[in-house]
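Chain by chain, the residues run as shown.
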Amino acid sequence: MGKTTTCVNLAAALHQKGRRVLVCDFDPQGNATSGFGVDKTASPSIYDVIISGADVTRAVVSTPWGDVLPANKALSGATVELIGMDRREYRLKDALALVSGRYDEIFIDCPPSLELLTLDALCAADSLIVPVQCEYYALEGLSDLLYTVRLAKKSLNPSLELEGVVLTMYDGRTNLSMQVAEEVKRHFPGKVYAAVVPRNVRLSEAPSHGKPICAYDGLSRGAEAYAALAEEFLSRQR
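Keep in mind that what you see is a predicted model, and the values were worked out from it rather than measured.

Enquirer: Lay out the environment of Pro131 in plain terms, naming residues and giving numbers.
Expert: In this fold, Pro131 is placed in strand 5 (residues 127-133). Along the primary structure Pro131 and Gly2 are separated by 129 residues, whereas in three dimensions their C-alpha atoms are 5.7 Å apart. Excluding its chain neighbours within four sequence positions, the residues that come into contact with Pro131 are Gly2, Lys3, Thr6, Val166 and Thr168.

Shown next as structure tokens:
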């Protein structure tokens, strides 16, 4: 429970607060797509937009919790197809530029691995939110991610900044969660959100119902955590 859970539920919480939000699912697994209750077979998808030049405005699907640019497993082949294309690192940036004026925030749910699609997303983004699970292995993966981000910032997108770090799957009863939290705060002073996302069964259940947590169980600890995160996100924007 990390990047997609945070992408879907933070976007939905911001939509509840009156923000115009678009979630661009850029992960071939399409979990953010189904998390909003959108059919993964929806066409055109983000794959058609970046590979075939399909109209991005036709690909956007509206839901009660925000708009979605859907993805499906076709996107898994995009890495190979992009290699021979002009401006391959900027295909997503160019597509989102056509709709960016309609939204206050656009969230991109990246693939879990560091590949060409992730590089495209980093080139399209102004800033980066990093969810960190409060587990030891998450810290090891964080250094690899930040190395890739530094490379992207240096050579492709100088304006890319770290927006913040979100602690997820936090359990205040365990020493490990507290140790990971302290370690992350030491590495990213002033960048770690005060709102933490706890381990919560309802958060895990919500995607199977095609709803963000605010719609599935708005009184759960998970929903309260993402509402608090959305409020903190907005206060930082101001």
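Enquirer: Describe the pairing of strand 6 (residues 161-168), listing the residues and the values that go with them.
Expert: Judged by how many residues are buried, strand 6 sits mostly within the fold: 7 of 8 residues are covered. As paired strands, strand 5 and strand 6 are joined by 7 bridges and run parallel to one another. The partner of Val130 across the bridge, within strand 6, is Val165. Between the parallel elements strand 5 and strand 6, the chain passes through helix 8 (residues 136-155) in a crossover that is right-handed.

Enquirer: Go over the pattern of salt bridges with me, naming the residues and quoting the values.
Expert: In this structure the tally under the stated criterion is 14 salt bridges. Here Arg19 ties to Glu105 by a salt bridge, and the two come within 3.1 Å at their closest N and O atoms. In this pair, Arg19 is assigned in the loop between helix 1 (3-16) and strand 1 (21-25) and Glu105 in strand 4 (residues 105-109), connecting sequence segments 86 residues apart. According to the relative accessible area criterion, Glu105 is buried, its value standing at 8%. A salt bridge links Asp104 to Arg20, with the nearest nitrogen and oxygen atoms 3.1 Å apart. With Asp104 in the loop between helix 6 (91-97) and strand 4 and Arg20 in the loop between helix 1 and strand 1, this pair connects stretches of sequence that are 84 residues apart. By relative accessible area, Arg20 is classed as partly exposed at 41%. Several salt bridges share partner residues, and in doing so they unite Lys3, Asp27 and Asp109 into one network.

Enquirer: Could you give an account of the side chain of Ser220, naming the residues involved and the relevant values?
Expert: The residue Ser220 is located in the loop between helix 11 (213-216) and helix 12 (221-237) in this model. In terms of polar contacts, Ser220 uses its side chain to reach the backbone carbonyl oxygen of Asp217, at 2.8 Å. Within the structure, the side chain of Ser220 is placed 3.2 Å from the backbone nitrogen of Ala223, a separation counted as a polar contact. In this structure, Ser220 is in contact with Asn200, Arg202 and Ile213, ignoring residues within four places of it in sequence.

Enquirer: Please set out unusual backbone geometry residue by residue, giving values where relevant.
Expert: The residue after Ser43, namely Pro44, is reached through a cis peptide bond having omega 0°. Locating Pro44 in the fold gives a position in the loop between helix 2 (31-35) and helix 3 (46-52). With a phi angle near 50°, Arg87 is a residue other than glycine that sits in the positive phi range. Position of Arg87 among the secondary structure elements: in the loop between helix 5 (78-82) and helix 6. One non-glycine residue, Met169, adopts positive backbone phi at about 55°.

Enquirer: Describe the packing of helix 1 against helix 12, and please don't skip the residues or the numbers.
Expert: At a minimum axis separation of 9 Å, helix 1 and helix 12 run at an interaxial angle of 70°. With respect to helix 12, the element helix 1 is oriented roughly perpendicular. The segment helix 1 lies against helix 12, with Thr5, Thr6, Asn9, Leu10, Ala13 and Leu14 engaging Tyr226, Ala227, Leu229, Ala230, Phe233 and Leu234. For the contact of helix 1 with helix 12, a count of residues per class yields 9 nonpolar, 3 polar and no charged.

Enquirer: How would you sum up the sheet that holds strand 1? Please name residues and give values.
Expert: Strand order in this open sheet of 4 strands is 2-3-1-4, and the pairing throughout is mixed. In the strand order of this sheet, the two ends are held by strand 2 (61-63) and strand 4, each with one partner. In this sheet, neighbouring strand axes are inclined to one another by 25° on average, regardless of whether the strands run parallel or antiparallel. Relative to strand 3 (residues 66-69), strand 1 runs parallel, the two sharing 3 bridges.

Rules of the game
Residues numbered from 1 in each chain as written. Predicted model: local features only at pLDDT ≥ 70, side-chain atom pairs only at ≥ 80, totals over all residues. Heavy atoms only, no water. Helix = DSSP H or I, 4+ residues; strand = E, 2+ residues; numbered from the N terminus. Contact = heavy atoms within 4.5 Å. Buried < 20%, exposed > 50% of the residue type's maximum accessible area, 1.4 Å probe, protein only. Pairing = 2+ DSSP bridges. Right-handed = clockwise from strand over helix to strand, strands pointing away. Salt bridge = Lys/Arg side-chain N within 4 Å of Asp/Glu carboxyl O. Polar contact = N/O pair within 3.5 Å; in protein donor to acceptor, adjacent residues only side chain to side chain. Axes fitted to C-alpha atoms, helices over the stretch in contact; angles between N-to-C directions. Parallel < 35°, antiparallel > 145°, perpendicular 65-115°, else oblique. Nonpolar A, V, L, I, M, F, W, Y, C, P; charged D, E, K, R; others polar.

Nothing here speaks to function; it is geometry throughout.
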